[in-house]
Amino acid sequence: MNHSSYPCLWFNGKAREAADFYCSVFKNTKITSENQFVVTFESDGQKFMCINGGPQFQPNPSISFYVTCENEQEVDEAWKKLSDGGQVLMALDKYPWSQKYGWIQDRYGVSWQLSFGKLKDVGQKFVPTLMFTGEMAGKAEEAIGYYTSVFKNSSVTGILKYEAGEGDVEGHVKHAQFSLNGYVLMAMDSSMPHKFSFNEGISLVVECETQEEIDYYWEKLSAVPEAEQCGWLKDKYGVSWQIIPAILLKLVNQPEKVQNVVQAFMSMKKFDIEKLIKALEV
């Protein structure tokens, strides 16, 4: 599995608790690293980052995770565990696209679309799904075109649009699937009234091997100067990204040096790999 891109989930001091919870919900899931700031886990070979970010932001359904389950028992078991303290967004039921599907927001605010289906039809167990709401409704197709122009080895699997009388604006994206450097994502528009939009509660991480890569993605994606901090940026659609050096987690997982590294990157907007490595020598 390509780990160069993966989601980051924001928690208010409960990153380890949440990671343990997801390890109990999904099979083949394990914690892979931990420090006071960040916990990472893998599920079916896919990487997730959980951060202790404080109370400023919370995950919301503007980015959810479409989860393909290859048997109904898996759907039922995950649904039961996610329902504990959670909120149903779409009932677990039969729908035109799946014999069994449901959308639920868990106790931490993270949203999951559980679907009984074939993994080979999607290509990835967990797929981040972007919902374009509010003033961004109707821009899903444009955003897909933009993202696939920025990331190499990208492709659009398909875009299904609303027709007249189908419950949303004709021509808006009902469902789309695309991939960025082999990482599968989905997108949709919703012009219905929602109390949420993209925020830092769920961001997309891009690990870079070189400073040249960091500079490239930063230049292409950053559109909100005031959001630039510690490797974080916002694009023109409001989606938050973290453009980080691939060595960052290794650096912050060195207990005797972590404070030096953190002090160095807290003063940065865009990451500078050379300065981070020099912080280890202090």
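Remember, predicted model here, so these are calculated numbers, not experimental data.

Asker: Quick one: what's the story with the side chain of Ser5, residue by residue and with numbers?
Answerer: Checked against the element boundaries, Ser5 lands in strand 1 (residues 5–11). Setting aside anything within four residues of it in sequence, one finds Ser5 in contact with Tyr183, Val205 and Val206.

Asker: Could you give an account of the nonpolar core, naming the residues involved and the relevant values?
Answerer: The biggest cluster of nonpolar side chains holds 82 residues, and the ones touching the most others in it are Tyr22, Phe26, Trp112, Tyr147, Trp241, Ile243 and Phe265. Other than its neighbours up to four places away in sequence, Phe26 contacts Ser43, Val67, Ala78, Leu82, Trp112, Leu114 and Phe126. If you look at the next biggest cluster of nonpolar residues, it comprises eleven residues, including Tyr95, Val122, Val127 and Met131.

Asker: Would you mind going over the packing of helix 1 (residues 15–25) against helix 2 (residues 72–83) in detail, with residue names and values included?
Answerer: The contact between helix 1 and helix 2 brings their axes to 9 Å, and the two run at 150°. Taken as axis vectors, helix 1 and helix 2 run roughly antiparallel relative to one another. Residue-level contacts link Phe21, Ser24 and Val25 of helix 1 to Ala78, Lys81 and Leu82 of helix 2. Of the residues belonging to the contact of helix 1 with helix 2, the class tally is four nonpolar, one polar and one charged.

Asker: How would you summarise the side chain of Lys100 if you had to cite specific residues and measurements?
Answerer: Take Lys100: it is sitting in strand 7 (residues 98–105). We classify Lys100 as buried; its relative accessible area is 17%. Polar side-chain contacts of Lys100 include one of 3.4 Å to the side chain of Glu72. The contacts of Lys100, once residues within four sequence positions are left out, are Glu72, Val75, Asp76, Leu92, Asp93, Leu114, Ser115 and Phe116.

Rules used in this analysis
- Residues numbered from 1 in each chain as written.
- Predicted model: local features only at pLDDT ≥ 70, side-chain atom pairs only at ≥ 80, totals over all residues.
- Heavy atoms only, no water.
- Helix = DSSP H or I, 4+ residues; strand = E, 2+ residues; numbered from the N terminus.
- Contact = heavy atoms within 4.5 Å.
- Core = buried A, V, L, I, M, F, W, Y, C linked by side-chain atoms within 4.5 Å.
- Buried < 20%, exposed > 50% of the residue type's maximum accessible area, 1.4 Å probe, protein only.
- Axes fitted to C-alpha atoms, helices over the stretch in contact; angles between N-to-C directions.
- Parallel < 35°, antiparallel > 145°, perpendicular 65-115°, else oblique.
- Nonpolar A, V, L, I, M, F, W, Y, C, P; charged D, E, K, R; others polar.
- Polar contact = N/O pair within 3.5 Å; in protein donor to acceptor, adjacent residues only side chain to side chain.

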